Amino acid sequence: MNLLVVGGGGREHAIIKKLRENPSVKTIYALPGNGGIAADAVCVPEIGAKDIDKIVDFARARRVDFAVVAPDDPLALGCVDRLHEAGIPCFGPDARAACIEASKVFSKNLMKKYGIPTAEYAVFDDPSKALAHLQSGVSFPIVIKADGLALGKGVLIPQTLREAEAAVKTIMEDRAFGDSGREIVIEEFLTGPEVSVLAFTDGTAIRPMVSSMDHKRAGDGDTGLNTGGMGTVAPNPYYTPEIAAECMEKIFLPTLAAMRTEGRPFKGCLYFGLMLTPAGPKVIEYNCRFGDPETQVVLPLLKTDLLTIMEAVENETLGSLEVEWRDGAAACVILASGGYPEHYEKGKAITVPESLPENITIYHAGDRRTEDGALSTCGGRVLGVTAVAPTLRGALADAYAAAGSVEFEGKYLRTDIGRRALCALEGR
Ligand code: AMP
Ligand code: GLY
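Computed from a predicted structure; not experimentally measured.

Concerning the site of ligand 1
Thinking step 1. Neighbouring residues of ligand 1: 15 residues in total, closest Glu 187, Glu 188, Leu 190, Glu 194 and Glu 285.
Thinking step 2. Between a nitrogen atom of ligand 1 and a side-chain N or O atom of Lys 145, the distance comes to 3.1 Å.
Thinking step 3. Interatomic distance of 2.7 Å between a side-chain N/O atom of Glu 187 and a nitrogen atom of ligand 1.
Thinking step 4. Relative to its free-state accessible area of 470 Å², ligand 1 is covered by the protein chains to the extent of 91%.
Thinking step 5. Those elements that provide at least two residues to the shell around ligand 1 are β7 (142-146), β9 (184-188) and β17 (280-287).
Thinking step 6. Its residues assigned to classes, the shell around ligand 1 comprises eight nonpolar, no polar and seven charged.

Quick notes on the pattern of salt bridges
Thinking step 1. All chains considered together, the criterion is met by 24 salt bridges.
Thinking step 2. Glu 316 serves as the salt-bridge partner of Lys 267, at 3.0 Å between the closest nitrogen and oxygen. Within this pair, whereas Lys 267 is found in the loop between α9 (241-261) and β16 (268-277), its partner Glu 316 is found in the loop between α11 (306-315) and β18 (329-337), the two being separated by 49 residues in sequence.
Thinking step 3. Residues joined by salt bridges that share partners form a network here, namely Asp 72, Glu 101 and Arg 289.

Section: the sheet that holds strand β11 (residues 206-208)
Thinking step 1. The antiparallel open sheet is built from four strands, whose spatial order is β11-β10-β16-β17. In the strand order of this sheet, the two ends are held by β11 and β17, each with one partner. Taken over all neighbouring pairs, the strand axes of this sheet differ in orientation by 35° on average, direction set aside.
Thinking step 2. The pairing of strand β10 (residues 194-201) with β11 spans three bridges and is classified as antiparallel.

A short note on the sheet that holds strand β5 (residues 90-91)
Thinking step 1. Taken in spatial order, the five strands make up an open sheet running β3-β2-β1-β4-β5, and their pairing is parallel. Both edges of this open sheet fall to β3 (42-43) and β5, since each of them pairs with a single strand only.
Thinking step 2. Packing of helix α1 (residues 10-20) onto the sheet brings it into contact with β1 (2-7), β2 (27-32) and β4 (66-69), and relative to β1 it is tilted by some 165°.

Looking at the site of ligand 2
Thinking step 1. Around ligand 2, the surrounding shell consists of Asp 214, Lys 216, Gly 228, Tyr 271, Asn 287, Arg 289, Gly 291, Asp 292, Pro 293 and Glu 294.
Thinking step 2. With respect to ligand 2, the side chain of Arg 289 contributes an N or O atom lying 2.9 Å from an oxygen atom.
Thinking step 3. Relative to its free-state accessible area of 200 Å², ligand 2 is covered by the protein chains to the extent of 90%.
Thinking step 4. Within the shell around ligand 2, the residues separate by chemical class into two nonpolar, three polar and five charged.

Structural notes on the packing of aromatic side chains
Thinking step 1. Throughout the structure, instances matching the rule amount to seven aromatic pairs.
Thinking step 2. Ring geometry for Phe 91 versus Phe 290: centroids 5.9 Å apart, planes at 35°, classification tilted. One end of the pair, Phe 91, is in strand β5; the other, Phe 290, is in the loop between β17 and α10 (295-298), with 199 residues separating them in the sequence. The exposure classification of Phe 91 matches that of Phe 290, with both residues buried.
Thinking step 3. Both rings, one in Phe 200 and one in Phe 290, keep their centres 6.1 Å apart while their planes meet at 75°; by these two values the pair is edge-to-face. Here the residue Phe 200 occupies a position in strand β10, and Phe 290 occupies one in the loop between β17 and α10, the gap between them amounting to 90 residues.
Thinking step 4. Classification of Phe 290 by relative accessible area gives buried; the value is 2%.
Thinking step 5. Among the aromatic side chains, those forming a connected cluster through ring pairs are Phe 91, Phe 200 and Phe 290.

Some words on the side chain of Ser 212
Thinking step 1. Along the polypeptide, Ser 212 turns up in the loop between β11 and β12 (213-214).
Thinking step 2. Among the residues examined, Ser 212 registers a relative accessible area of 0% and is labelled buried.
Thinking step 3. Non-local contacts of Ser 212, meaning those with residues more than four positions away in its chain, are made with Val 195, Ser 196, Val 233, Ala 234, Asn 236, Glu 294, Val 297 and Val 298.

A few points about the pairing of β17
Thinking step 1. Taken across its eight residues, β17 has seven buried, putting it largely inside the fold.
Thinking step 2. Strand direction decides the pairing type here: β16 and β17, joined by seven bridges, are antiparallel. Its bridge partner lying in β17, Phe 272 is registered against Tyr 286.
Thinking step 3. Connecting β16 to the antiparallel partner β17 that follows it, the hairpin turn spans two residues.

Looking at the packing of helix α7 (residues 127-134) against helix α8 (residues 161-173)
How two helices pack is summed up by the angle between their axes together with the distance between the axes.
Thinking step 1. It is the contact of α7 with α8, at a shortest axis distance of 10 Å, that shows an interaxial angle of 165°. Regarding the angle of α7 to α8, the classification is roughly antiparallel. Considering how the two elements wind past one another, α7 and α8 form a crossing that is right-handed. Taken together, the residues of α8 that come into contact with α7 (itself represented by Pro 127, Ala 130, Leu 131 and Leu 134) are Leu 161, Ala 164, Glu 165, Val 168, Met 172 and Glu 173.
Thinking step 2. By residue class, the composition of the contact of α7 with α8 is eight nonpolar, no polar and two charged.

A few points about unusual backbone geometry
Thinking step 1. With an omega of -5°, the peptide bond between Phe 140 and Pro 141 qualifies as cis.
Thinking step 2. Residue placement: Pro 141 occurs in the loop between α7 and β7.
Thinking step 3. That bond from Asp 292 to Pro 293 is cis: its omega, 15°, falls within 30 degrees of zero.
Thinking step 4. Tracing the sequence through the fold places Pro 293 in the loop between β17 and α10.
Thinking step 5. Within the chain, Asp 222 stands out as a residue other than glycine whose phi angle is a positive 55°.

About the criteria used
- Each chain carries its own residue numbering, running from 1 in the direction its sequence is written.
- Labels are handed out in written order, letters beginning with A for the chains and numbers beginning with 1 for the ligands.
- In view of the model being predicted, local features appear only for residues whose pLDDT reaches at least 70, and side-chain atom pairs are presented and counted only at 80 or more, with totals across whole chains, interfaces and linings using the full set of residues.
- Side-chain numbers here rest on the full set of heavy atoms in the structure, without hydrogens or water.
- One heavy atom suffices: a residue is near a molecule or strand as soon as one of its heavy atoms comes within 4 Å of it.
- Under the rule applied, a polar contact is a pair of N or O atoms within 3.5 Å (in protein, one hydrogen donor and one hydrogen acceptor; residues adjacent in sequence only if both atoms are side-chain atoms).
- Accessible surface area values rest on a Shrake-Rupley calculation with a 1.4 Å probe, where residue burial reflects the displayed protein chains alone.
- What counts as a helix is a DSSP run of H or I of at least four residues, what counts as a strand is a run of E of at least two, and both are numbered from the N terminus.
- Each residue gets one label: Ala, Val, Leu, Ile, Met, Phe, Trp, Tyr, Cys and Pro are nonpolar, Asp, Glu, Lys and Arg are charged, and the others, such as Gly, are polar.
- Any carboxyl oxygen of Asp or Glu within 4 Å of a side-chain nitrogen of Lys or Arg constitutes a salt bridge here.
- Two strands are counted as paired when DSSP detects at least two bridges linking them.
- Every angle, taken between N-to-C directions, lies between 0 and 180 degrees, and every axis is a line fitted to C-alpha atoms, over only the stretch in contact when it is a helix.
- The contact rule is simple, with two residues in contact once any of their heavy atoms fall within 4.5 Å.
- Within 6.5 Å between ring centres, the rings of Phe, Tyr and Trp (the latter by its six-membered ring) count as paired, and their orientation is classed by plane angle as stacked under 30 degrees, edge-to-face over 60, tilted in between.
- The classification of residues rests on relative accessible area computed with a 1.4 Å probe and restricted to protein chains. Under 20% of the type maximum is buried, over 50% is exposed, and intermediate values are partly exposed.
- To sort the angles, those under 35 degrees are grouped as roughly parallel, those over 145 as roughly antiparallel, those from 65 to 115 as roughly perpendicular, and the leftovers as oblique.
- For any helix crossing, the convention is left-handed if the near helix is rotated counterclockwise from the far helix by under a right angle, and right-handed if that rotation is clockwise.

From the geometry alone we can't say anything about function, so treat these as descriptive.
What follows is the structure in structure tokens.
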């Protein structure tokens, strides 16, 4: 089979490596892919993940048998709809279902309408009304979210009224996140451990993946700016079987049913960003795709063939497929360019050891090949170093040891990935 994967980050690399395990896979095209992905797929750097026309033309010309659309932008732009129109089977939601991530106003209204637990909220398209709401005696901190896609950066958590007023100005008037900020959601600040649950679903049947924990802030101890994610561990020790059962009953199944009722059945990977609050699990956000870097710890623990699952999702036969997971744990440490998520330099030569321990995988996120074939940095998050081991403690030790053996100028990493999870696990 010839496969096509849209995207070019660490998440796509993890998907591609997993798809490669299926012996019937001949060629995988990555559009655009990146320098490291080129070792596992045929990369097409000229075609970006948002070039929908070119993606469809390419898939037709190369007689692609199955396509996987991984990032949020092409999903929201209807890449899956267009591939389907061209007769190409694919994995991923259509644009109407991708709305669950692409519009926070849509997803909040959906949860309210169908009684799915989430933070209390109000929606505004007029900055003066938003300010009046903030001045009406709300409690702080409070959460202000741009409606649309904003590279994971459209959420601000002001501590004071003054900061909140500035946040409304940043999003709605300065349009720091572009048109995403035409409308905003202002919502209640929730507390509790966060859990990411990715789930395969064909619209009716659901197979949650192993849970995970992201580390979104740039600095140790969850300080500094929000990033795309500085590291992940799986499984997430806070996500007990009892909580999983509660989430299935109160959140996962009701969400799928709600989307069906709305005429927007969701097929693909649905990402539940959950907070385990004192009042029970609540939805912080939905994503219409695999998480990054959650995928880099979740897929290495998948035992069942990924392509088989993706085809079952496309064919709506997931209900008759058992999805199995390996025991043990996985940890991923992101190596970023110094300065990320703000200004950073590119073009630094990367050296990776010739051989790595068998339980280590390096997922390439932001690099490219120079003319002489060497790897060079070209993004904020450069590499994700994942280790799989019988215990989380072992996985973290191995991931950090391997992360230390990779070099590039300005390499930055958090040193406390998994610390909170270990404390929870070991009862400290
Ligand atoms: P999101 O992009 O919606 O995942 O938000 C980014 C981060 O902001 C989340 O991972 C949470 O840490 C935080 N966050 C979002 N909504 C809330 C909320 N209602 N209460 C507390 N923290 C939140
Ligand atoms: N790691 C968070 C996300 O993929 O949105």
